[in-house]
Amino acid sequence: MTTSTVKAPAKSAYWAGVRDGAPFILMAGPFATLFGVIATDAGLTLAQAMGFTVLVIAGAAQFAAVQLMVENASIAFVLLAALAVNLRMAMYSASLVPYLGAAPLWKRALIAYLNFDQTYVMSISRYEARPEMSVPDRVSYFFGVATPIAPLWAVMTLVGILAGKAIPDAWALDFIMPIMFLAMVAPMLKSRAHLAAAGVSVLVALALTELPAGTGLLIAAGAAMLTGALVETWMERRGR
Amino acid sequence: MNYSSAEIWLIIALMAVGTFLIRFSFLGLIGNRDMPAFVLRLLRYTPVAVLPGMVAPLVLWPTATQGQTDPVRLIAALVTVLVGVWTRSALWAICGGAATFYIAIAIVAAL
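Computed from a predicted model, the values in this text were never measured in an experiment. (Residues numbered from 1 in each chain as written. Chains lettered and ligands numbered in written order. Predicted model: local features only at pLDDT ≥ 70, side-chain atom pairs only at ≥ 80, totals over all residues.)

### Examining the overall build of chain A
At step 1: Within chain A, the regular secondary structure consists of twelve helices and zero strands.
At step 2: Tracing chain A from N to C terminus, the helices and strands come up as α-α-α-α-α-α-α-α-α-α-α-α.
At step 3: Once the C-alpha set of chain A is aligned to its principal axes, its extents read approximately 60 × 55 × 30 Å.
At step 4: Burial analysis of chain A (240 residues in total) assigns 50% to the buried set.
At step 5: Considering only contacts within chain A whose residues lie at least 6 apart along the sequence, 75% involve residues at least 24 apart. (Helix = DSSP H or I, 4+ residues; strand = E, 2+ residues; numbered from the N terminus. Buried ≥ 20, exposed ≤ 12 C-beta atoms within 10 Å, placed from the backbone. Contact = placed C-beta atoms within 7 Å.)

Below, the structure is given as structure tokens:
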């Protein structure tokens, strides 16, 4: 964390990214292993589970898709719910534009592929803290953060797939997935608006469980997003 | 799971393309134009809007118990959320929730 990054070549911005991304392997490793275990448990083949991990490369959405597939939801609902989980990344994409919009198209495409929670959060905080960073340095930093995380994600999924076949039913893996989702959401409940959105999501989803799989969830998510945005607006007005 | 292999690959392919397009959207196609503030505000709540609604029925009516509410799963879910809110760490929340779940299963089995 020295000022040398300011004028140093892109290579050192890359290595700064690698260093900042490294701690995330603690989270991504077990998470990826678990996806391999659960996907295998749900009935996906090795190639299918790896296809999810390498092509989609979005943890929460992968778990969501597998959960809905276990419930035999229609293909359209599997896709809608899983992609809805990923909609937050449209916001990530939008907020990176001022920093990376001037990079070559192929680099922006590669960044888009690697734009998940950890790479985004690390990169955007670095860009905000160092407005003087050049566009090539910003790109290098982003790829640096992704370097320890993305390959590990694939390798640990494979470990989970291979280990998963040996895991007995007594381990009750059905409930590990809900625990993972709750664990991801709980740290995000940091304001009244987030709490209100989560509460509405739960209540509407529970009220609409009789609808075909996935339908109630979409309605619940829409209502909850609106609730969050409106509560935030209201809090802001009240704060003035 | 009642899907053919082709259907599963279709889901994977469409999810891959859809996820990439979501990530590429503004960075790749829309460029430097600003988005309406309220749209950004809505998008900010996406994770907390989707995940709780997905989990709630699984916690209250687990498939493994044929939809019967299970105190073990309720307690594990509660501990997961409390640890997550308290530590602000998904990793600790997973550890706390999973540990509670397996300890509770062991206790119930021993009774």
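### As for the interface of chain B and chain A
At step 1: Listed by partner, the interface residues are 65 residues for chain B and 77 residues for chain A.
At step 2: Among the elements of the structure, helix H1 (5-30), helix H2 (37-44), helix H3 (46-60), helix H4 (71-87) and helix H5 (90-110) of chain B are those that each provide at least two residues to the side of chain B that touches chain A.
At step 3: Among the elements that line the side of chain B that touches chain A, the one with the most residues is H1(B), at 18 residues.
At step 4: Of the residues that constitute the side of chain B that touches chain A, the class distribution is 45 nonpolar, 14 polar and six charged. (Nonpolar A, V, L, I, M, F, W, Y, C, P; charged D, E, K, R; others polar.)

### Structural notes on the nonpolar core
At step 1: Membership of the largest hydrophobic core comes to 113 residues, with the highest contact counts inside it found for Ala64(A), Ala65(A), Phe181(A), Leu182(A) and Ala197(A).
At step 2: Both domains that furnish three or more residues to this core are identified here as domain 1 (3-187) and domain 2 (189-240) of chain A.
At step 3: The contact partners of Leu182(A), leaving out residues within four places of it in the chain, are Val55(B), Ala77(B), Thr80(B), Val81(B), Gly84(B), Ala93(B) and Gly97(B). (Core = buried A, V, L, I, M, F, W, Y, C linked by C-beta atoms within 7 Å. Domains from an automatic or database assignment.)

### Notes on the environment of Ala103(A)
Residue and element names in this part refer to chain A.
At step 1: Looking at the element boundaries, Ala103 is found in the loop between helix H6 (88-100) and helix H7 (105-113).
At step 2: Spatially, the C-alpha atoms of Ala103 and Pro136 are 7.2 Å apart, while their sequence positions differ by 33 residues.
At step 3: Look past the residues within four positions of Ala103 in its chain and what remains in contact with it is Arg108, Val135 and Val139.

### Topic: H6(A)
Residues and elements named next belong to chain A.
At step 1: Taking 1.5 Å per residue, 13 residues should reach 18 Å; H6 reaches 18 Å between its end C-alpha atoms and fits that length.
At step 2: By the criterion of burial, H6 is predominantly enclosed, with ten of the 13 residues buried.
At step 3: Among the residues of H6, Arg88, Met89, Ala90, Met91, Tyr92, Ser93, Leu96, Val97, Tyr99 and Leu100 are the ones counted as buried. (Expected span 1.5 Å × (residues − 1).)

### A closer look at the domain arrangement of chain A
All names here are of chain A.
At step 1: Segmenting chain A into domains produces domain 1 (3-187) and domain 2 (189-240).
At step 2: In this structure, domain 1 and domain 2 have C-alpha centres spaced 25 Å apart.
At step 3: Broken down by element, the residue count for the side of domain 1 that touches domain 2 peaks at four residues, all from helix H5 (residues 75-86).
At step 4: Taken together, the residues of the side of domain 1 that touches domain 2 break down into eight nonpolar, no polar and one charged.

### Observations regarding unusual backbone geometry
At step 1: Even without being a glycine, Ile57(A) presents a positive backbone phi close to 40°.
At step 2: Assignment of secondary structure puts Ile57(A) in the loop between helix H3 (46-56) and helix H4 (59-70).
At step 3: The class for Ile57(A) is buried, based on 22 C-beta atoms found within 10 Å.
At step 4: In the Ramachandran plot, Arg88(B) falls in the positive-phi region, its phi being about 60° despite a non-glycine side chain.
At step 5: The topology assignment puts Arg88(B) in the loop between H4 and H5.

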